[in-house]
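Descriptive analysis of the structure
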Number of protein chains: 2
Amino acid sequence: MKILMCVPNISEGKDLNLVEQVIDEIRSVKGALVIDHSSDSDHNRSVLTYLGEPEAVLNASKAMAAKAIELIDMSKHHGSHPRMGAVDVVPFIPVRGVKTEEAVKISKQLGKYLGGLGVPVFYYEDAATRTERILLTRIRKGEYEGLEEKLKDPQWTPDEGPAQFNSRSGATVTGARFPLIALNVNLRTNDISIAKNIAKAVRHINGGFRYVRAIALAIEDQGMVQVSMNLTNYLKTPIPRVLETIRSEARRYGVNVAGSELIGPVPLGALEEPLKHYLQVHEFCMSQIIENSILDTLD
Amino acid sequence: MKILMCVPNISEGKDLNLVEQVIDEIRSVKGALVIDHSSDSDHNRSVLTYLGEPEAVLNASKAMAAKAIELIDMSKHHGSHPRMGAVDVVPFIPVRGVKTEEAVKISKQLGKYLGGLGVPVFYYEDAATRTERILLTRIRKGEYEGLEEKLKDPQWTPDEGPAQFNSRSGATVTGARFPLIALNVNLRTNDISIAKNIAKAVRHINGGFRYVRAIALAIEDQGMVQVSMNLTNYLKTPIPRVLETIRSEARRYGVNVAGSELIGPVPLGALEEPLKHYLQVHEFCMSQIIENSILDTLD
């Protein structure tokens with residue numbers, strides 16, 4: 001079976017009853033499976049995670065977004081997290097057997113639908129229509145409060161929907177992006193400068209791997225430091241290559257890796273390289289995994 | 001979803017049309033999925049691999065066995081592989097969410113069914129009723145040709161079915177066993193004595209790991225040698241512990257591992273320890289794997 005994942009952020013994190021009503025819309029779509037959701041009252045924002053075949057995920061996303069737009073009034077919204085709309089951002093993430101182009105297509109179907117409901121929509125990441133719309137932070141700059149002005153700028157004509165400010169819904173950003181692997185590596189030292197050096201060694205911006213973002217953190221209660229990373233393309237920058245570089249750089253200082261953390265949902269595909277690398281099973285085929293062969297037969 | 005796997009061996013490997021008829025019986029059962037089958041004409045034997053929820057696998061096994069018994073006449077069977085019946089051996093293998101006891105129960109339901117069809121049935125491995133019936137080789141000793149005499153021995157009264165010789169069906173062995181991991185490790189040397197020493201170091205019989213069987217082989221066309229293993233309980237003797245011992249022993253001789261091979265279907269559960277060990281993700285939960293969370297929701 002194909003798996004497309006969707007991780008929308010909606011601008012309500014206090015009224016959990018409202019959030020449940022939105023999630024129920026997803027659950028009501030056959031073939032859409034909610035695997036996680038979390039709400040933050042300070043941020044006043046909820047993150048929902050669901051998946052399924054692309055068509056089911058599109059339908060669930062339409063139902064989810066329509067309900068959120070119906071219930072959330074952005075003109076009354078306060079929260080510490082940057083946002084510009086009731087349905088703030090809707091990334092579609094190809095997990096299994098789905099090409100980027102297909103995920104882009106789905107995001108644009110959602111965009112057209114929301115545009116038809118009177119919501120200004122911007123496409124970002126792999127669905128971006130202009131280079132200055134690739135990054136979410138750039139589209140969202142000025143936030144909800146600056147949106148009315150921003151929409152008057154021809155450079156920020158929405159990709160779908162009216163260029164007119166909708167005070168209730170705000171604007172929505174949607175698009176497609178590769179699954180992101182959140183990997184933290186803890187080091188047996190309390191010397192933060194070592195974690196900083198290693199973060200610089202592996203991250204793209206300083207000359208490291210193309211698809212690594214990294215920062216250094218202190219884990220004070222454990223007397224350790226951490227290299228906290230996002231791997232934005234596990235196929236082109238696989239986990240073991242990054243981890244082995246960290247181990248090697250840490251050894252320069254006589255420091256060992258104490259442990260690692262993979263945070264949140266992980267596509268099975270991201271674990272192919274770790275298995276092949278460390279077991280040296282060069283010819284291993286993921287369809288040998290029994291559970292995988294079952295998923296292959298499901299539709 | 002629960003997954004029980006069944007890997008019966010039937011005594012026909014030449015008449016592929018006949019084998020197809022037997023496989024079709026499995027395919028006709030809803031929820032039973034044939035993932036592999038292979039026939040060997042010298043052995044005159046076929047190995048079928050299918051899986052599904054326990055109930056579906058039991059029903060498929062009954063249908064498979066009934067058809068094989070209908071079509072195969074053991075009194076005319078010749079082949080180089082040891083065998084004692086048309087449906088020679090039917091192991092049930094708990095792959096996911098199934099306890100050994102449940103697999104044993106399923107094997108005994110098949111045993112009763114075949115006994116009712118007039119086939120003498122012996123239970124082996126985890127379903128064995130006596131210690132001398134644990135090993136297949138011991139039950140099968142004397143093969144089909146010695147079966148008539150063997151059945152007259154009170155020590156070999158069948159667990160199910162008549163103690164009388166059935167010349168057409170022969171006898172069937174069924175039971176439950178843990179999934180077996182076939183792991184081969186290739187060494188960058190053509191010195192077979194090194195592979196022999198390492199095989200001795202890791203295998204149970206010589207003081208190695210409890211759940212490892214190992215032999216040394218030459219891979220002559222590659223100028224390498226191989227430690228060829230069966231891991232009979234990947235939970236208690238996990239893959240990385242065995243592999244790291246091989247790497248360490250090989251280093252004594254200045255030899256490196258050139259590559260490994262995992263042969264055939266592998267339960268996802270067998271890959272948990274490799275991932276945790278090599279990535280040091282001590283807290284990683286297999287339900288974080290997206291594909292796994294989908295299987296968890298299926299019934």
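Residues numbered from 1 in each chain as written. Chains lettered and ligands numbered in written order. Predicted model: local features only at pLDDT ≥ 70, side-chain atom pairs only at ≥ 80, totals over all residues. Heavy atoms only, no water.

**Describing the interface of chain B and chain A**
With 41 residues of chain B in contact, the opposing surface of chain A contributes 41 residues. Here chain B meets chain A over a buried area of about 3,500 Å², counting both sides, of which 70% is carbon and sulfur. When the buried area of chain B at its contact with chain A is split by residue, L279, I290 and E291 of chain B rank highest and sum to 20% of it. The tally of links between chain B and chain A comes to two salt bridges. Among the ionic pairs, E291 of chain A bridges to R96 of chain B, the shortest N-O distance being 3.7 Å. For the interface between chain B and chain A, the tally reads 22 residue pairs in polar contact (both at pLDDT 80 or more). Elements represented by at least two residues in the side of chain B that touches chain A include exactly β1 (3-6), β3 (33-40), β5 (87-96), α7 (239-251), β11 (257-263), α8 (272-279) and α9 (290-297) of chain B. A per-element tally of the side of chain B that touches chain A places β11 of chain B first, with seven residues. In the side of chain B that touches chain A, the residues fall into 29 nonpolar, eight polar and four charged. (Contact = heavy atoms within 4.5 Å. Buried area = accessible area lost by both parts, 1.4 Å probe. Salt bridge = Lys/Arg side-chain N within 4 Å of Asp/Glu carboxyl O. Polar contact = N/O pair within 3.5 Å; in protein donor to acceptor, adjacent residues only side chain to side chain. Helix = DSSP H or I, 4+ residues; strand = E, 2+ residues; numbered from the N terminus. Nonpolar A, V, L, I, M, F, W, Y, C, P; charged D, E, K, R; others polar.)

**So, the relation of the copies chain B and chain A**
Each copy superposes on the other: chain B lies on chain A with an RMSD of 0.0 Å after a rotation of 180 degrees and an axial shift of 0.0 Å. Such a turn and shift between the copies fits a two-fold axis. A share of 100% of the interface residues of chain B reappears at the interface of chain A, consistent with the copies meeting face to face through the same patch. (Least-squares fit on C-alpha atoms with pLDDT ≥ 70 in both.)

**Some remarks on the sheet that holds strand β11 (residues 257-263) of chain A**
Residue and element names in this part refer to chain A. What the four strands build is an open sheet, ordered β9-β10-β8-β11; its pairing is antiparallel. In this open sheet, the two strands that pair with only one neighbour each are β9 (212-219) and β11. On average, adjacent strands in this sheet sit at an angle of 20 degrees to one another, irrespective of strand direction. Bridging between strand β8 (residues 181-187) and strand β10 (residues 224-231) involves seven bridges; their strand directions are antiparallel. For N184, the partnering residue across the bridge sits in β10 and is S228. Here helix α6 (residues 192-202) sits on the sheet and contacts β8, β9 and β10; the angle it forms with β9, its principal contact strand, is near 175 degrees. In the packing of helix α7 (residues 239-251) onto the sheet, the strands contacted are β8, β9, β10 and β11, and the crossing angle to β8 comes to about 20 degrees. (Pairing = 2+ DSSP bridges. Axes fitted to C-alpha atoms, helices over the stretch in contact; angles between N-to-C directions.)

**Quick notes on the confidence of the model for chain A**
Here chain A averages 96 in pLDDT, and 100% of its residues register 70 or above. Across the interfaces of the predicted complex, the ipTM metric reaches 0.88, alongside a pTM of 0.89. (pLDDT = per-residue confidence, 0-100.)

**Remarks on the side chain of N292 of chain A**
Looking at where N292 of chain A falls in the secondary structure, it is placed in helix α9 (residues 290-297). Leaving out residues up to four positions away in the same chain, N292 of chain A has contacts with R96, L268, M286 and S287 of chain A.

**A look at helix α8 (residues 272-279) of chain A**
Turning to α8 of chain A, its buried residues number three or more, namely P274, L275, K276, Y278 and L279 of chain A. Those residues of α8 of chain A that are buried lie in contact with α7 of chain A together with α7, β11 and α8 of chain B. Trailing α8 of chain A by a residue or two, Q280 of chain A shows a phi angle of about 55 degrees, which is positive. (Buried < 20%, exposed > 50% of the residue type's maximum accessible area, 1.4 Å probe, protein only.)

**Some thoughts on the sheet that holds strand β9 (residues 212-219) of chain B**
Residues and elements named next belong to chain B. Reading across from one edge, β9-β10-β8-β11 is the order of the four strands in this open sheet, with antiparallel pairing throughout. The two strands at the open ends of the sheet, each matched to only one other strand, are β9 and β11. Averaged over neighbouring strand pairs, the angle between their axes works out to 20 degrees when direction is ignored. Contacts between helix α6 (residues 192-202) and the sheet are confined to β8 (181-187), β9 and β10 (224-231), with β9 contributing the most and set at about 175 degrees to the helix. Along the sheet, α7 makes contact with β8, β9, β10 and β11, crossing β8 at roughly 20 degrees.

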